[in-house]
Amino acid sequence: MPPPSARPTTGSHDLPISPALSSFMSSGWAPSRLSRDVRVPGYQATSARRARLSERFPGERLVLPAGGLKVRSNDCDYHFRPHTAYAWLTGLTGEDQPGNVLVMEPSGPEGHHPVLYMRPRSSRTGEEFYRDRRYGEFWVGRRPDLDEAAQLTGIECRHLDELAVALSGPQPLARVLTGIDCAVDALVEPRVSSEAERLREKELEACLSELRLIKEAWEVEQLQLAVDHTTVGFEDVVRALPQALRHRRGERWVEGIFNLRARAEGNGVGYETIAAAGAHACVLHWVRNDGPLDPSQLLLLDAGVETDTLYTADITRTLPLSGRFSPVQRQVYNLVLAAQEAGIAALRPGASFRDFHRAAMRVITEGLCDWGVLKTPADELGGDSGLHRRYTLCGSGHMLGMDVHDCAKARTGAYVEGVLKEGQVLTVEPGLYLQPDDETLPAELRGMGVRIEDDLVITKDGARLMSSALPRTADGIEEWMGALLQG
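As the structure is a computational prediction, the values presented were derived from the model and not from experiment. (Residues numbered from 1 in each chain as written. Predicted model: local features only at pLDDT ≥ 70, side-chain atom pairs only at ≥ 80, totals over all residues. Heavy atoms only, no water.)

1. Points about the nonpolar core
Our working definition: Buried Ala, Val, Leu, Ile, Met, Phe, Trp, Tyr and Cys residues that are joined via side-chain atoms within 4.5 Å together make up what is termed a nonpolar core. A simple rule labels every residue: compare its accessible area, found with a 1.4 Å probe on the protein chains alone, to the largest value its type can have, and call it buried under 20%, exposed over 50%, or partly exposed in between. Counting from the N terminus, the helices are the DSSP runs of H or I reaching at least four residues and the strands are the DSSP runs of E reaching at least two. It only takes one pair of heavy atoms within 4.5 Å for two residues to be counted as in contact.
Counting residues in each nonpolar core, the largest one holds 88 residues, and the members touching the most others are L53, L64, V254 and L432. A total of nine residues in this core trace back to one element, the largest contributor, which is helix α10 (residues 217–246). With near-sequence residues (within four places) excluded, V254 lies in contact with V237, L241, A244, A275, L293, L299 and L301.

Structure (structure tokens):
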């Protein structure tokens, strides 16, 4: 793993550095240090998180990379976001983390000693700080030095150049999160080639997901902050609809308005914004967002702000672009809303995770039968028929946290076949996706997609609606839109 300054320079257009310039650049810099009082957000929790992980794997070394940079085009990289497990265990969430690796070294009979291998602030006596376009301070900003990083995190910090030697030492490498950083993978590949070793890595992934299923009070606060910023972003979109309706790619206008709020208030969006008008709303993950807006149609907006601490909201509203639902639009919307209400009512500690989906789908199935779309009465379809899935396509919610689809590597029995527990945060998001070419539907229903999605935290006796500031009823949405457009 060569240092950045040693990377090949083939094709570089940089001018050569003269000895005189090199000498001049290495002197005359005033001391500058980060504050000794600064800690990473959530500092009080990270030590306990590492202790919980340590309990699961006594005597085993654990290697958890932040991840590496990914090229977008030529010499330009994508924005960097550290791997969720790394961020959760260290509290480090910034774009200065690529290449860093947390190693949990066995210490004593059951504990671990964490060591953070990192690329520290570049020295003013070399060329990296002003020549290296990928890591140099004058190109991408200040990184903490080793002492500052230790102060920030409470973790012993060592130079990243020492990682290869550390991993080749006498202590056997036990478990590593692979597929995150190709440089780390190259160091450990010979040791994880067997099927047994690969299964051990999956166990580490599952454990990290399961440890995050129940959110700490501070995490719930961060998620509420994400929801609050997202609420403002939805308000921004409604105010901007007159301009969006005039633009030939109004969906992109909507996306841009929301993403501006996300970038201004947080780290950005927690996932690619879905701004789907008309039949585009029948595509579950429509992120092209290149279509126009038609006042006679609905806009499905699925979007979430990600905080600087990497916790994201995930909210969907389906809005009438005219400001008022037509009778058939209201009919479809109200069925989805009734399904969501049934799903929310099923949330409580001890309930099966799948209960809220089943409750929502019962309402959807009955409604489709009442409309004559499904020809067999709902009570005769049976629980396994699944005919309604032609129009619903997917599940009705998921865990939410630092990842929009949070804790996805958890084992089935701990998550989708498990039970709800106080402190878990999840979405409830039933939808109807009535494809424009579906001849089982009456013509007036075709090409309409409706989803209503909210974020909730499980409480001791039910669930709290975190996104209650956004209206959910058809009347409430019309009134809300009208007030924003008049203001």
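2. Quick notes on the sheet that holds strand β10 (residues 298–303)
Note the following rule: Pairing between two strands is assigned when DSSP locates at least 2 bridges connecting them. To obtain an axis, a line is fitted to C-alpha atoms, over the contacting stretch when the element is a helix, and the angle between two such axes runs from 0 to 180 degrees between their N-to-C directions.
Read from one edge of the open sheet, three strands run β9-β10-β12, paired in antiparallel fashion. Bordering the open sheet on either side are β9 (274–277) and β12 (315–320), each of which pairs with just one other strand. For this sheet, the mean angle separating the axes of adjacent strands, direction not counted, is 15°. As paired strands, β10 and β12 are joined by six bridges and run antiparallel to one another. Paired with L301 across the strands is R317, a residue of β12. Sheet strands in contact with helix α11 (residues 250–265) are β9 and β10, and its direction is about 150° off that of β9.

3. Observations concerning the pairing of β9
Alternating positions in β9 separate into two faces, I274 and A276 on one and A275 and A277 on the other, with burial throughout. Pairing of β9 with β10 involves four bridges; the strand directions are antiparallel. Looking at β10, one finds that I274 is bridged to D302.

4. Regarding the packing of aromatic side chains
Here is the rule: Working definition: rings of Phe, Tyr and Trp (its six-membered ring) pair if their centres are within 6.5 Å, and the pair is stacked with planes under 30 degrees apart, edge-to-face with planes over 60 apart, and tilted otherwise. We call a charge positioned over a ring when the NZ of a Lys or the CZ of an Arg lies within 6 Å of the ring centre and within 35 degrees of the ring normal.
Tallying each qualifying case throughout the model produces nine aromatic pairs. Between W29 and F129 the ring centres are 5.9 Å apart and the planes differ by 85°, which places this aromatic pair in the edge-to-face class. Of this pair, W29 sits in the loop between α1 (19–25) and α2 (43–56) while F129 sits in helix α4 (residues 128–131), and the two are 100 residues apart along the sequence. For W29, a relative accessible area of 39% corresponds to the partly exposed category. Their ring planes at 90° and their centres at 5.4 Å tell us that F353 and F356 sit as a pair that is edge-to-face. Since its relative accessible area comes to 1%, F356 is described here as buried. Its guanidinium or amino end placed over the ring of Y43, R39 lies 5.3 Å from that ring's centre, counting from NZ or CZ.

5. Overview of the packing of α10 against helix α16 (residues 474–486)
Basically, it comes down to this: Handedness of each helix crossing follows the sense of rotation of the near helix against the far helix: counterclockwise by less than a right angle gives left-handed, clockwise gives right-handed. Only Asp, Glu, Lys and Arg are considered charged, only Ala, Val, Leu, Ile, Met, Phe, Trp, Tyr, Cys and Pro nonpolar, and every remaining residue, Gly among them, polar.
Two numbers describe how α10 lies on α16: the axes approach to 9 Å, and their chain directions differ by 65°. Crossing geometry of α10 relative to α16 is assigned as right-handed. Contacts from F234, E235, V238, R239, L241 and P242 in α10 reach W480, M481, L484 and L485 in α16. Split by residue class, the contact of α10 with α16 holds eight nonpolar, no polar and two charged.

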